Amino acid sequence: MADKKKFTLEYEVRSSPRILYSFISEPNGLSQWFADDVNFRDQVYTFTWDDEQQKAKLVSIKENKLVKFKWLDDEPQCYFEMEIVQDELTNDVALAITDFATDDLLAEKKLIWDNQIDYLISVLGA
């Protein structure tokens with residue numbers, strides 16, 4: 001099996017960190033753009049897409065800053081993280097995504113994130 005490599009993407013988002021944070025950390029917010037349905041129980045998020053479920057453990061959280069998840073069925077070193085980055089001078093807000101993919105799936109995974117974040121931005125009305 002090919003090794004997964006870490007990659008990072010950054011998207012400008014016209015939103016306050018507080019509002020954006022609710023969309024990346026709360027089941028209700030995540031279900032508006034990331035998955036069809038999201039449930040949270042015992043530090044585990046259950047994401048549902050078209051009747052398929054994937055479970056991820058919440059491994060790190062910083063209020064109004066970042067959330068880090070680990071898919072329960074993924075390799076031990078792999079995770080995905082959504083971090084809110086705010087420029088100190090301009091106050092511009094960006095969402096930095098860190099994820100893992102094999103070389104053959106990297107372009108597809110980036111495209112999925114591009115589409116998801118475009119949808120998030122439309123939901124935010126940003």
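To keep things clear, this report deals only with the structure shown in the data block. Keep in mind that this is a model prediction, so the values were computed, not measured.

Topic: the packing of helix α1 (residues 17-25) against helix α3 (residues 106-124)
Part 1 of the argument: Where α1 contacts α3, the two axes come as close as 12 Å, and the packing angle between them is 125°. Looking at the two axes, α1 sits oblique to α3. The interaxial crossing formed by α1 with α3 has right-handed handedness. Seen from α1, the contacting residues are I19, L20 and F23; seen from α3, they are L120, V123 and L124.
Part 2 of the argument: Its residues placed into classes, the contact of α1 with α3 shows 6 nonpolar, no polar and no charged.

Considerations on the pattern of salt bridges
Part 1 of the argument: Applying the stated rule across the entire model yields 6 salt bridges.
Part 2 of the argument: For D42, the salt bridge is made with R41, and the minimal N-O distance between the two is 3.9 Å.
Part 3 of the argument: Assessed through its relative accessible area of 65%, R41 is described here as exposed.

So, how was this worked out
Residues numbered from 1 in each chain as written. Predicted model: local features only at pLDDT ≥ 70, side-chain atom pairs only at ≥ 80, totals over all residues. Heavy atoms only, no water. Axes fitted to C-alpha atoms, helices over the stretch in contact; angles between N-to-C directions. Helix = DSSP H or I, 4+ residues; strand = E, 2+ residues; numbered from the N terminus. Parallel < 35°, antiparallel > 145°, perpendicular 65-115°, else oblique. Left-handed = near helix turned anticlockwise from the far one by under 90°. Contact = heavy atoms within 4.5 Å. Nonpolar A, V, L, I, M, F, W, Y, C, P; charged D, E, K, R; others polar. Salt bridge = Lys/Arg side-chain N within 4 Å of Asp/Glu carboxyl O. Buried < 20%, exposed > 50% of the residue type's maximum accessible area, 1.4 Å probe, protein only.

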